[in-house]
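Residue-level structure breakdown
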4 protein chains.
Amino acid sequence: MLRYLTAGESHGQGLIGILDGFPAGVKILVEYINKNLVRRQVGYGRGSRMLIENDKAEILSGVRWGRSLGSPICLLIKNRDWHNWEKGLSALPEHEGSISSVTRPRPGHADLAGLIKYGHNDIRNILERASARETAIRVGIGAVCKLLLKEFNIEIISHVIEIGGVGINRMRLKLDEIHTKAEASVLRCVDKSIEKKMIKRIDSAKREGDSLGGVFEIIVTNPPIGLGSHTQWDRKINARLSNAIMSIQAIKGVEIGVGFEAARRFGSDVHDEIFYDKRDKRFYRKTNNSGGFEGGMTNGEDIIIRAAMKPIPTLMKPLNSVDAFTKKPFKASVERSDVCAVPAAGVVGEAVVAFEIANAMIEKFGGDSLSEMKRNYNGYMKYVRGI
Amino acid sequence: MLRYLTAGESHGQGLIGILDGFPAGVKILVEYINKNLVRRQVGYGRGSRMLIENDKAEILSGVRWGRSLGSPICLLIKNRDWHNWEKGLSALPEHEGSISSVTRPRPGHADLAGLIKYGHNDIRNILERASARETAIRVGIGAVCKLLLKEFNIEIISHVIEIGGVGINRMRLKLDEIHTKAEASVLRCVDKSIEKKMIKRIDSAKREGDSLGGVFEIIVTNPPIGLGSHTQWDRKINARLSNAIMSIQAIKGVEIGVGFEAARRFGSDVHDEIFYDKRDKRFYRKTNNSGGFEGGMTNGEDIIIRAAMKPIPTLMKPLNSVDAFTKKPFKASVERSDVCAVPAAGVVGEAVVAFEIANAMIEKFGGDSLSEMKRNYNGYMKYVRGI
Amino acid sequence: MLRYLTAGESHGQGLIGILDGFPAGVKILVEYINKNLVRRQVGYGRGSRMLIENDKAEILSGVRWGRSLGSPICLLIKNRDWHNWEKGLSALPEHEGSISSVTRPRPGHADLAGLIKYGHNDIRNILERASARETAIRVGIGAVCKLLLKEFNIEIISHVIEIGGVGINRMRLKLDEIHTKAEASVLRCVDKSIEKKMIKRIDSAKREGDSLGGVFEIIVTNPPIGLGSHTQWDRKINARLSNAIMSIQAIKGVEIGVGFEAARRFGSDVHDEIFYDKRDKRFYRKTNNSGGFEGGMTNGEDIIIRAAMKPIPTLMKPLNSVDAFTKKPFKASVERSDVCAVPAAGVVGEAVVAFEIANAMIEKFGGDSLSEMKRNYNGYMKYVRGI
Amino acid sequence: MLRYLTAGESHGQGLIGILDGFPAGVKILVEYINKNLVRRQVGYGRGSRMLIENDKAEILSGVRWGRSLGSPICLLIKNRDWHNWEKGLSALPEHEGSISSVTRPRPGHADLAGLIKYGHNDIRNILERASARETAIRVGIGAVCKLLLKEFNIEIISHVIEIGGVGINRMRLKLDEIHTKAEASVLRCVDKSIEKKMIKRIDSAKREGDSLGGVFEIIVTNPPIGLGSHTQWDRKINARLSNAIMSIQAIKGVEIGVGFEAARRFGSDVHDEIFYDKRDKRFYRKTNNSGGFEGGMTNGEDIIIRAAMKPIPTLMKPLNSVDAFTKKPFKASVERSDVCAVPAAGVVGEAVVAFEIANAMIEKFGGDSLSEMKRNYNGYMKYVRGI
C-alpha cells in the first residue's frame, strides 16, 4: 500500500509531503521533480505570484545516491516569500496579533465553512491551508510516482480541451503528439487555432475582472490489464481515480472515457468490441469509449479521464458577501489574481492519477523493490500473452 | 468511522452486507429497508428478472427490538432462484462441472479483465460478482444510513434528469415536490411530458435490441455546515462522494453542483454569493452552483450530485467479441435484458451517498449512540447560530 | 490488502464474517473450516454450552466448486439455540420487552463500560456482542487463511504452556511433535504429566467456583524472510500480530520470542547469531530468541508468540458489583460456566495470526490468484537463494 | 481520525513527522515538545551520540501563534551531524560511492531481513531507517498529542520497573509521586535503592562489553469510560495500544494490567469488583488488575501498560555473523554504544500511547476544534454522572 500525506500553509515555511510504501531501487532525480513543479506554475492567465514562487523541491529522506530506499520519501518545497510572513504565520505565541485577522469570507472558497467548522475567529487559519498552493507538493509526490511508472513504460499526459466554453474538436492525435503539443502550448492545448481563441477569452475575462475555468484530460498509456477490482465497492480503480481528481481544488466534475456522452448514446455505440491481435498476442479494442475501465478494472486500453474546473473564485469583480462576525455585507474582490489555472490543474491531475496508478501497480505486483516488481510484472505479462 | 463490506454472487445464495460502526439507539425497521429494495427494482425498461427477485432483507445482527445496538449490522438478501443454481454455484467440489463454463467475454463488462486478472478459466467466476445485482445489498446498507440521517432531518432524494439524450429542463421545484413526483413516475422523472419522451426512446431502443443510459441527480437536504475537510486530500467529502458514486456499476461521470457547466461560465456567474438571514441566524446563498461544497466541506446548502450512467452492456443487438481461449470471434448478444436501468441506479446513488454522509456525521459528531450524536449536533448547531 | 469484518450476537441468529481480498484459486473445503471450529470448542474445563453449539460453517459466497473466486468470502455459523431467543433478540420492535433487561454489570466484562458508552439501558445489548462466542467466526475466517498459507508450506500451531500457574518446561520438541501432542491433549498441552497437574488445578478451581487463565503459544513455521517492514510504525508485522492477539477476548499480555525474559538477559545472550548454510543456500540461526522478527520483519525463522489469558470472568463464586441504575450492591455469580478456556483461545490465536500472515503474504507477493502468488513467491525465493 | 507518518534516516538531514486530523485551537508550545525530546535522550547507560544530538523540533506547519490550526502539523528535527553525512547519504546520484557500503549484517537488527526484502546491496540503506533514532520524531508527535490530552486532564507517565533482571517491588505510590520520582531519576526509576542496583548492573554490563534491556510501565490517568469498542476486532483500544507499543524498536512483550500474572491467579483474584461512589457519582474499583480495560474499552480506571525491551543489539562483545554476499563469517562488534536505553524507550512509550488515546478521544468526541471536543466531552461526562 502506497500512501501520502501533505502538510504546509500557503505562505508558511513550505510545503511538505511524505510518500510511504514506495519500492526501493527506483531512480529518483530531483531535476525531474522540479521540472514538474515548473510545469504546474506556467500557463497563460496566471497571476504574478507564480513568478515569485519558482518552486524547488528538496528530498529530505528516502532517496540515496539517486535511488529510492524503500523508506518514506519526504519532499520539502520551501516558500520563497516566507520572510514576509515569518511573524504573521509564526508558530510562536509571541507573534500573536502581528497581522490583522480576516473575517470576511469569499464566495467559492473554504473560508466560511472552514471558519465555522474549526471554530476559528480568523479566516486566515483556513485559507492558508485550503489554497491550491498545496497542489505543488502533490505534483512533487506525483512526479516520484511517475518515475516508478516510467519503469513499466506507463506515461501520464494531460492537455486542456476547453477553457471558458471554447473547446477543441476531438482530433485523432497520437499520444506523443498530444504530449509534445501540450508541452509546447502556453495553455497546454494541442490545437494552435483553438489556443488563440482561448487566449482571447482569457484576455476578455481579465479585462472584465472575471475568471474562467475549463476542462482538462488525463491520458495514461500502457496500463496492464487488471488493476483495480470488481469485487468490492472501494477497490474499483475508476472510483479511486475519481476521488483523486475530485480532491483537487476547484474540480466540479469527472468523466471517464466518453463520460456524460455515454448517457446520450445507444449501448451498441458505447461498448468497445473485443478483438484479438494474434501477432502481438493481445486482446484489443478499435474504440475506447470505456476510457480504459470495465468492471472497476483497467482493461488494457489507455486510461482517459476528464475533469471540469470551476473558474478561480478570487475575482477583481466584486461578489457579495457578509462579514462572518459583524454580519455586515461587503464586496469581495482582489486587486489582481490568476484569471485561469486550468493548465496547472491538468498537471496536478497527472500527479494524483500517477499516485493512484502507482498504488494499484504496487498492490498487484508487490512493492518492495523495483526488481521484484519487474520480475512479477514480467511474469504476469508473459501469462497474459499465453492465455 | 463507519464502514461496510458486501459479499455475494448474483445467482448465489444471497447478498450479504456488514455495516460496522453504526451508532446505537437508531430506529431500524426492516420494512423501510425493504421499501428501498423495491424502489431499486422497479422502473420502466427493466427486464423480467426484477420480478423474480422481489428482494427482502433479513437483519441478522446489530438490531434488537427495532433499535440499533452499536454492534455490526448484518443484512442478508436471499436470492429467490438459488434452487436453480445450487449446483452450478455450489461451494462444494463435488459439483464441479455441473454447468458449462463461460469463455466468451462480453464488451462493456468485467468479463475479460476479470478473467485475466484472477487467472480463471470460466467467466462465470467474474460475472457473478461483477453484476449490478450487488447494488441491492448496498441499497439495504444505505437504507440503514438514511434512517440515521432522518434523525437529523437530512433527506436524500434522487430523480432521473436524462435518458438516452432526452433531458428535463431545470425546473424550480421544491424538494418534496421532486421527491413526490419522482416516486410517482415509472422513470423517477419529475416532468410528465419528458417522461413520455423518455419512454418512447426506451421503446425504440428495445425494438432495436439496443440499450440506453442516462443521468440521475441526487439531492441531500439540510446537511450541517462543515462535513468533510479542506485539510488533507482524502478528507474532502465531495471527493469521497465522487468515489462512492463512481463505484456504482456503469457510472462514467460525476458532477457536483453546476459541474461541467462551471467550465463554461465566468467566475462571477458561478460562485455563490454569501448572505445572512438575521431571523434564522444563518448564512445562506441565493444560488447553489457549488452543489453544497466549498473547500471540500459542506457549506450548509443542499448537496447536488449528478451521475452519468452508460447504457446496459448486455444487448440483444450483437457486438463483436472473441473467445478468451480459442480467440475465435463471435457475436455477443442475449435474448432479452434490461433496456435501461437509470432510475434504479439513482436509488443506488441515494444509498451510497447516504453512507458517506452518515460516515461524515459520525466523524464530526461522534457516533456511539444516537442520543450522544444529537447532543453533540445540537451543541454545534447552537454554536453555529451564535457566531 | 486482505481484511475482514465479523457480525453477530452470541445468542442471535448466527455469526457472520466477510473476508475481502482473498486470492482466487485456493482450495477451500468447508470440512476443514468445521474441523477448526470444533477444535475451538473442545478442551477440558469448558461448560456445557459448547456441546449445544457444535458449530458448522456455511460458505455463503466467494467459493465455487471448492475453489476461492477472488470475490469476498462470507461465512455463516448459525446458532443452534436461536429458537430459544427468537423474541428476546428479535430485530422487530413488536418483541420489545419479551425478556427482562439486565442492569447488573459483571466485573471483568464489557458490561459496564459498554452500557455507558453506547447509552443503553439493558446490558444484554452489550454482552451479546462482547461475548467470546464471536471468536467462532474468527476461527472460520482464520481457517480460510490457513488454507492459503498451506499452499506455501506455512503451518500455524498452538499449544498451551501454562494454566493457573502450572507450566511446562521448555522441551526441545520438533514442530510436528508439538502439533501432534497438542491435538491429542484435552488441554492442548504437549507434556502429559503437566497436563495432569493442569487438570487437577482446573478441578480444584471448579470446586471453588473459581476460574483460571493461562498462557498459550503460537508457532508459525516456514515464513519467508521479509514480511512486514521496518519503514513505518504501522507496517511492523510483530506489532500487527500483537494487535491481532490482543484483540482476542481476555488476553492481557503478548510476548514475541523470549519476550519478557529478554528484559532479564544480557544482549549477548539474546541476539541470534547469523550463520549460512551453503548446501541449502540459506542464512539461519542456531537460536531463535527473536521469535522470528528483526526490525519489524520476519527473518526467516519460525514465528513464536505467546499470550496470557486472564481467567474467565463469569464465576460461580460471587464478586461484588452494583446495579448500573439503582446503584444497589449485589453479588455477581452464575450457576455454571466454563472454568478455563485457554486451549480454545490458542485456537483463536492461530486464526488471527493466520489472517495477519496471509495479509502480509498478499501484500508482498500480490494477491489476485494463487498461481500468480506462487509465481511471485517462487521468483523471490529463487532470488533469496541466489544472494 | 488522527493519523501520522514519519520519515527520515538516522544520519540524514533530519526526521520529519506529519500529524493529520488534529483539532484546532489546542495550545502547542515548541518548548514542551523539546522538553520531551530531551527526556528521550537522557538516561544512565546511553552512549555519546545522545549528547551530539540534543534534539530540537521545528514546527513547519499546522500551528499559528501557539495554537493548532486543524491543518496537518509537521515537525522537523534536524540532525546536527548532517554535515558529516552530506555526501554519504545524499539524494544525488553524483555522490554514489562516496562512502563504502555495509555488507555485514548485525544480529538483532533489521539488517539482514531488510537487505533481502528490499533487494539492496548496502545494509546502510536499511539500518539508517530501522534505527531507533526514528523514535525521536514519534516523541515529538506524541508531545503534541499529550497537549491535547492535558486539556482533558489526562496525563501520561512512564517509569522503569526493571533493568537486566533487577526490578522494583510494587509500591503503592501516588501517580504524581511516580512522575516526580521518575523524572528525578537517571533511570526513570522511582526506587532510589533499586536504581543503585540497576546502575551497578549497567556498569557491569558495560565492562563486559554487553548490553541490557528491561521493563517500563506507562500509566494514563483519568481516561473517560468508553474509549475503544468491543464491537469489532480492530476497534479494541487495548489491542491498538499493544500495536503501538510493539511498534517501538526492540520491544518484545506487552502487558496490560496484571498481564502475564493474570494467567497465574484465580478469577476471583483478578476481576476488579465494581463499586459506586455516591458523592462523586461515579463507578469505581478498589483494584485495577484489568489495567483500565474491559471488553476492549476503557473502564474509567487508570490505564496501565508494561513493555519488555530487549537489550540493545549493538554490542562491544562480538557476535557471530556472516557477510551477506561473500558469506564469510565475521565477528559483529562496535567500539562503543549505548548499554541500556530502557528509560528512553519508556518516553517513546508515552508518546505512542498518547497518540492512540488522542485518536480514541477524537473518535468519541469529534475532533474539529478543542472547544467542540470539550463541549461534547462535558456533555458526555454529565450524562455519565447522571446514569
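Quick summary incoming for the structure in this document.

Here is what the cut-offs are and how they apply
Residues numbered from 1 in each chain as written. Chains lettered and ligands numbered in written order. Predicted model: local features only at pLDDT ≥ 70, side-chain atom pairs only at ≥ 80, totals over all residues. Heavy atoms only, no water. Salt bridge = Lys/Arg side-chain N within 4 Å of Asp/Glu carboxyl O. Helix = DSSP H or I, 4+ residues; strand = E, 2+ residues; numbered from the N terminus. Buried < 20%, exposed > 50% of the residue type's maximum accessible area, 1.4 Å probe, protein only. Polar contact = N/O pair within 3.5 Å; in protein donor to acceptor, adjacent residues only side chain to side chain. Phe/Tyr/Trp six-rings, centres within 6.5 Å; stacked < 30°, edge-to-face > 60°. Lys NZ or Arg CZ within 6 Å of the ring centre and 35° of its normal. Least-squares fit on C-alpha atoms with pLDDT ≥ 70 in both. Contact = heavy atoms within 4.5 Å. Pairing = 2+ DSSP bridges.

Observations concerning the pattern of salt bridges
Tallied over the entire structure, the rule returns 118 salt bridges over all chains. Where B:Arg188 meets B:Glu350, a salt bridge forms, and the shortest distance between an N and an O atom there is 3.6 Å. With a gap of 162 residues between them, B:Arg188 in the loop between α6 (175-184) and α7 (192-207) and B:Glu350 in helix α9 (residues 342-365) connect regions that are remote in the sequence. A single burial state applies to B:Arg188 and to B:Glu350, both of which are buried. Across the salt bridge formed by B:Asp368 and C:Lys117, the nearest N and O atoms sit 3.1 Å from each other. Taken together, the residues B:Asp368 in the loop between α9 and α10 (370-386) and C:Lys117 in helix α3 (residues 111-117) connect one chain to another.

Observations regarding the environment of B:His83
Residue and element names in this part refer to chain B. Tracing the backbone through its elements, the reader meets His83 in the loop between β6 (73-78) and α3 (111-117). Under the relative-accessibility criterion, His83 is labelled exposed at 54%. For the pair His83 and Gln13, spaced 70 residues apart in sequence, the C-alpha separation works out to 8.6 Å. Only 3.4 Å separates the side chain of His83 from the backbone oxygen of Arg80, close enough to count as a polar contact.

Side note on the packing of aromatic side chains
Tallying each qualifying case throughout the model produces 38 aromatic pairs over all chains. Each ring, one from C:Trp233 and one from D:Phe355, has its centre 5.8 Å from the other, and the planes form 75°; the classification is edge-to-face. Taken as a pair, C:Trp233 in the loop between β9 (214-221) and α8 (237-246) and D:Phe355 in helix α9 (residues 342-365) lie in two separate chains rather than in one. In this structure D:Phe355 comes out as buried when scored by relative accessible area, which is 3%. Ring centres of D:Phe365 and D:Tyr380 lie 5.5 Å apart, and the angle between their planes is 65°; on these two criteria the pair is classed as edge-to-face. One end of the pair, D:Phe365, is in helix α9; the other, D:Tyr380, is in helix α10 (residues 370-386), with 15 residues separating them in the sequence. Looking at D:Arg64, its charged tip hangs above the ring of D:Trp65, at a distance of 4.0 Å from the centre.

A look at the relation of the copies chain A and chain B
Take chain A, turn it by 180°, move it 0.0 Å along the axis, and it overlays chain B with an RMSD of 0.0 Å. The transformation relating the two chain copies, once decomposed into turn and shift, fits a two-fold axis. A symmetric contact is evident, with 100% of the interface residues of chain A recurring at the interface of chain B.

Points about the interface of chain A and chain B
With 108 residues of chain A at the contact, the number on the chain B side is 108 residues. Between chain A and chain B we count 2 salt bridges in total. When the shortest N-O distance is used, the salt bridge between B:Glu162 and A:Arg264 registers 2.6 Å. The interface formed by chain A and chain B contains 46 residue pairs in polar contact (both at pLDDT 80 or more). Note: strand β10 (residues 251-256) of chain A against strand β10 (residues 251-256) of chain B, 3 bridges, orientation antiparallel.

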